[in-house]
Amino acid sequence: MLNANDIVLIGVGVGVKLLLWPAYHSTDFEVHRNWLAITGSLPVSRWYYESRSPWTLDYPPFFAWFEWALSHAARLWDPRIVGLDNLEYSAASCIVFQRLTVIVSEFVLFLALRRAVCTIGSSVQARVAAALVFLSPGFLLVDHVHFQYNGFLLGILVYSLAFALEGRDLLAAVVFAVLLCFKHIFIYIAPAYFLYLLRHHCATGSSTSAFTLRLVQLGLAVAAVFVIAFGPFVAMGQMQQLLARLFPFKRGLCHAFWAPNFWALYIFTDRLLSVVASVAPQLIAADISQLGSSTRGRVGDTRFAVLPDIPPLVTFVATFAAQVPAFAVLMQRTCTPAHLVRATVLCAHASFMFGWHVHEKAVMLILVPLGLLVAAAPSKRVLRAHTVLSVAGFYSLMPLLFGAQELPIKAAILLIWILCSLMLLRADSRSAWECLTRFEQLYVLGHIPLFALTELVPGLFGRMQFVPLALVSVYTALGVGHSWLCLVAAFLTD
């Protein structure tokens, strides 16, 4: 049953999200409208072949079925929404319908957080941390303005972690397998689940036969989920086409707007060296023709003028190496559900820092499980890392909303959330702001002049419109990297 606090939180959340309806929406709005049309108008055998729109279906089967279910409601609401040839359709009825689906589906996140809080312990800190996750700028700006379903998907992840915290490992594994069949980006945290389940679920028995039995049970349960999801496409001989859609490696190292990670710093360094090369070519050799490759848009290889090019394999190796601390957390003498949450955070953080073609929105994959740790009486180091990562990660989303109309909206949402987080979250009876070091406080405050420079004086850079985006990416990447190092140190030594 919902209590008074739940009703107030839902009311505030829904009220704010309704106010955001008239705001800008990105091409992702048309992406999902087109997926409604594909799944609602074509047989299953055509879903992953349809290509009359550039926004082809490239999510796993469970998300396709999710769109299929929504398409039935869309047909009743406004049949034009599911018209395959009705490209770029954005009538008021379509906008209202799609905005509503995000709000309703996000209740999965609310219910999952509520369950997790009950498991962790319904302290004031836990309830505040959960409320801040539910009302985070990441969801408000990306899902309810830009337009996506991250709240729904991360709600499934929170459910899986909540079941693990309750000691229901098999159910946690099944729910995580379901999540992978909704969106494959979560495969980056699969190593944490695999190692945790192997140690905590399978290796709890004292005999080899008990271990084998639990391993077989786990394998069959997880395999059943993938058979249900992918079995029909295997039967139709479409797995090669489906996998080509899910893993489009023709996309470049970075998105058009660099996510704040190691590769943003790498590209920025390459651009600085190219400037030096243009002034002093005798010192540094540079291929100036490659300078535009990292800013040209959605697809294509990223090439470098001075530094070596980075193929996908390098990013995979770097990501795996950066996930080693997560494995070390799970290999400690005791392996508890809390260790799974920590390892999930570290795996997500490593993939964000070093992954291939990372989107800035993927920072939510770190912040949501990290929010569960903050809810459970965190150490000062964990709260420090959470604060720096939240400010840097959420600020990095600001350029997604580039219109003048959205400027006061995104600034107000971010400022209110950060102030609430700094004042209300605590560790060792100290507020989040008091837990920060002087250097970290200066870094957080540094976002104020960054905002003034990149948002309030847009004409300052003239034709070099990518410069403010690069400044945001680089500055926030420093905070993301700092928080990763802090969390590694905290989880390995606390």
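Residues numbered from 1 in each chain as written. Predicted model: local features only at pLDDT ≥ 70, side-chain atom pairs only at ≥ 80, totals over all residues. Heavy atoms only, no water.

A. The overall build of the protein, seen in detail. Secondary structure summary: the protein contains 23 helices and two strands in total. Taken over the C-alpha trace, the protein has a radius of gyration of 23 Å; the compact-globule value for 494 residues is 23 Å, and the two agree within 12%. The C-alpha extent of the protein, read off along each of the three principal axes, is 70 × 55 × 50 Å. Put simply, the protein has 494 residues, and 54% of those count as buried. Counting only contacts in the protein whose residues sit at least 6 apart along the sequence, the fraction spanning at least 24 positions is 76%. Put simply, the protein shows about 20,600 Å² of open surface, and 70% of that area lies on carbon and sulfur atoms. (Helix = DSSP H or I, 4+ residues; strand = E, 2+ residues; numbered from the N terminus. Rg over C-alpha atoms; globule rule 2.2 N^0.38 Å. Buried < 20%, exposed > 50% of the residue type's maximum accessible area, 1.4 Å probe, protein only. Contact = heavy atoms within 4.5 Å. Areas by Shrake-Rupley, 256 points an atom, 1.4 Å probe, with all protein chains shown as cover.)

B. A look at a nonpolar patch on the surface. The grouping of Leu415, Leu419, Met423 and Leu424 at the surface amounts to a nonpolar patch, some 400 Å² of accessible area in total. Assignment of secondary structure puts leucine 424 in helix 19 (residues 407-424). (Patch = residues over 30% accessible without salt bridge, like charges linked within 9 Å, V, L, I, M, F, W, Y side chains within 5 Å. Salt bridge = Lys/Arg side-chain N within 4 Å of Asp/Glu carboxyl O.)

C. Structural detail: the packing of helix 3 (residues 61-77) against helix 4 (residues 92-105). At a closest axis distance of 11 Å, the pairing of helix 3 and helix 4 adopts a crossing angle of 140°. Classified by the interaxial angle, the pair formed by helix 3 and helix 4 is oblique. Two packed elements cross with a definite hand, and for helix 3 against helix 4 that hand is right-handed. Between helix 3 and helix 4, the residues in contact are Phe66, Leu70, Ala73, Ala74 and Trp77 and Ser93, Val96, Phe97, Leu100, Thr101 and Ser105, respectively. Among the residues making up the contact of helix 3 with helix 4, the classes are represented as eight nonpolar, three polar and no charged. (Axes fitted to C-alpha atoms, helices over the stretch in contact; angles between N-to-C directions. Parallel < 35°, antiparallel > 145°, perpendicular 65-115°, else oblique. Left-handed = near helix turned anticlockwise from the far one by under 90°. Nonpolar A, V, L, I, M, F, W, Y, C, P; charged D, E, K, R; others polar.)

D. Main features of the nonpolar core. Core analysis: the biggest nonpolar cluster contains 164 residues, and Leu157, Phe176, Phe186 and Phe491 have the highest contact counts within it. When residues of this core are assigned to their parent elements, the largest contribution, eleven residues, is made by helix 16 (residues 337-354). Residues within four places of phenylalanine 176 in sequence aside, it is in contact with Leu157, Ser160, Phe186, Ile189, Ala190 and Tyr193. (Core = buried A, V, L, I, M, F, W, Y, C linked by side-chain atoms within 4.5 Å.)

E. Looking closely at the confidence of the model for the protein. Model confidence for the protein is summarised by a mean pLDDT of 91, while 95% of its residues fall at 70 or above. When the criterion is pLDDT under 50, residues 295-300 qualifies, and its contacts beyond four places in sequence or with other chains add up to 14 contacts. (pLDDT = per-residue confidence, 0-100.)

F. Structural context of the pattern of salt bridges. Here the structure, examined in full by the defined rule, presents twelve salt bridges. In this structure, arginine 168 and glutamate 166 form a salt bridge, with 3.4 Å as the shortest nitrogen-oxygen distance. Judged by relative accessible area, arginine 168 falls into the partly exposed class, the value being 39%. Sharing partners across several salt bridges, the network here consists of Glu50, Arg52 and Asp85.

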